[in-house]
Amino acid sequence: MADNIISAKNLNKIYASGKMSAQVLFDISLEIERNSFTALIGPSGSGKSTLLNCLALLDPPTSGSIVIDGKEQAGKDVNSLSKYRNERIGFVFQFHYLLPEFTALENILIPFNIGKGQAPANTVKEAERLMERIGILMEKNKYPGEMSGGQQQRVSIARALINKPGIIFADEPTGNLDTETGGSVLSLMKEINAENNTTLVMVTHDRDIALKADRVVELVNGRICRSINIKSLGLKEAEKLLENRSCHP
């Protein structure tokens, strides 16, 4: 029996403004296995980023259930969700959202400082260890404006890892990088995912990147149209399935 770290059931998301409303997600049910790498793909407007934000507890679903580590999260109050996110979840986005007035090292320590106060020496050493592991220790005292896009994204990865989260959610983390740098960042994320026994859930528009995951979940018009288990099928068979672009929920 699979060890699922995330179980979502019948998720719906409706955005309303005045008398206007738009439904983005329709009765989505999805289970994500612990320590796995899942890629969410789909055309623009398919709802993949909205689904990621719901699963990551950044945006509450209009209805449905989200169970993480065996505990229901949907419907909890804002403070409880904020505390849980800070302690258990890491985030990497297309735009790194580093604070320009802080150095690389200071940016990495922000999640710890928010949750537990000023970081002690051992946590600073851990941040420096992470920076060395991902090749940016020499940049620790630089400000974001003094670093390349790839270096800034690596800082955001270290920031996501500083609290040792069980899950990392990534929304187009390579979308703002050139192909070579993006490939390097993705390889790094996969390595760290394996080393730290974390679960990685990533939104991407790039099918080549998606094929590096253990599983691909494709959305169309706010519904899951197919789920491809690459670990079970093998890469070549998964590629054949994705080459057939006709996918209907």
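Refer to the preceding data block for the structure.
Residues numbered from 1 in each chain as written. Predicted model: local features only at pLDDT ≥ 70, side-chain atom pairs only at ≥ 80, totals over all residues. Heavy atoms only, no water.

Quick word on the sheet that holds strand S8 (residues 199-203)
Okay, so step 1: Across the sheet, six strands lie side by side as S6-S7-S8-S3-S9-S10; this open sheet has mixed pairing. Either end of the sheet is taken by a strand with one partner, and the two such strands are strand S6 (89-93) and strand S10 (223-229). Shown here is a sheet whose adjacent strand axes are inclined to one another by a mean of 15 degrees, direction ignored.
Okay, so step 2: Where strand S7 (residues 167-171) lies against S8, five bridges are found, and the strand directions are parallel. Bridged to Phe169 within S8 is Val201.
Okay, so step 3: Helix-sheet contacts for helix H1 (residues 48-55) involve strand S3 (37-41), S7, S8 and strand S9 (215-220), and the interaxial angle to S7 is about 155 degrees.
Okay, so step 4: Packed onto the sheet, helix H9 (residues 235-243) meets S3, S9 and S10 and runs at close to 155 degrees relative to S10. (Pairing = 2+ DSSP bridges. Helix = DSSP H or I, 4+ residues; strand = E, 2+ residues; numbered from the N terminus. Axes fitted to C-alpha atoms, helices over the stretch in contact; angles between N-to-C directions. Contact = heavy atoms within 4.5 Å.)

Overview of empty space enclosed by the protein
Okay, so step 1: Within the structure shown, the criterion is met by one cavity of 30 Å³ or more.
Okay, so step 2: Taken together, Val92, Ile157, Leu161, Ile168, Met189, Ile192, Asn193, Thr198 and Leu200 make up the lining of the largest cavity.
Okay, so step 3: When residues of the lining of the largest cavity are assigned to their parent elements, the largest contribution, three residues, is made by helix H6 (residues 179-195).
Okay, so step 4: The residue makeup of the lining of the largest cavity, split by class, is seven nonpolar, two polar and no charged. (1 Å grid on protein atoms, 1.4 Å probe; cavity = no way out; pocket = protein on both sides within 12 Å on 5 of 7 lines; lining within 4 Å. Points joined across faces, edges and corners; volume = space filled by probe spheres on them. Nonpolar A, V, L, I, M, F, W, Y, C, P; charged D, E, K, R; others polar.)

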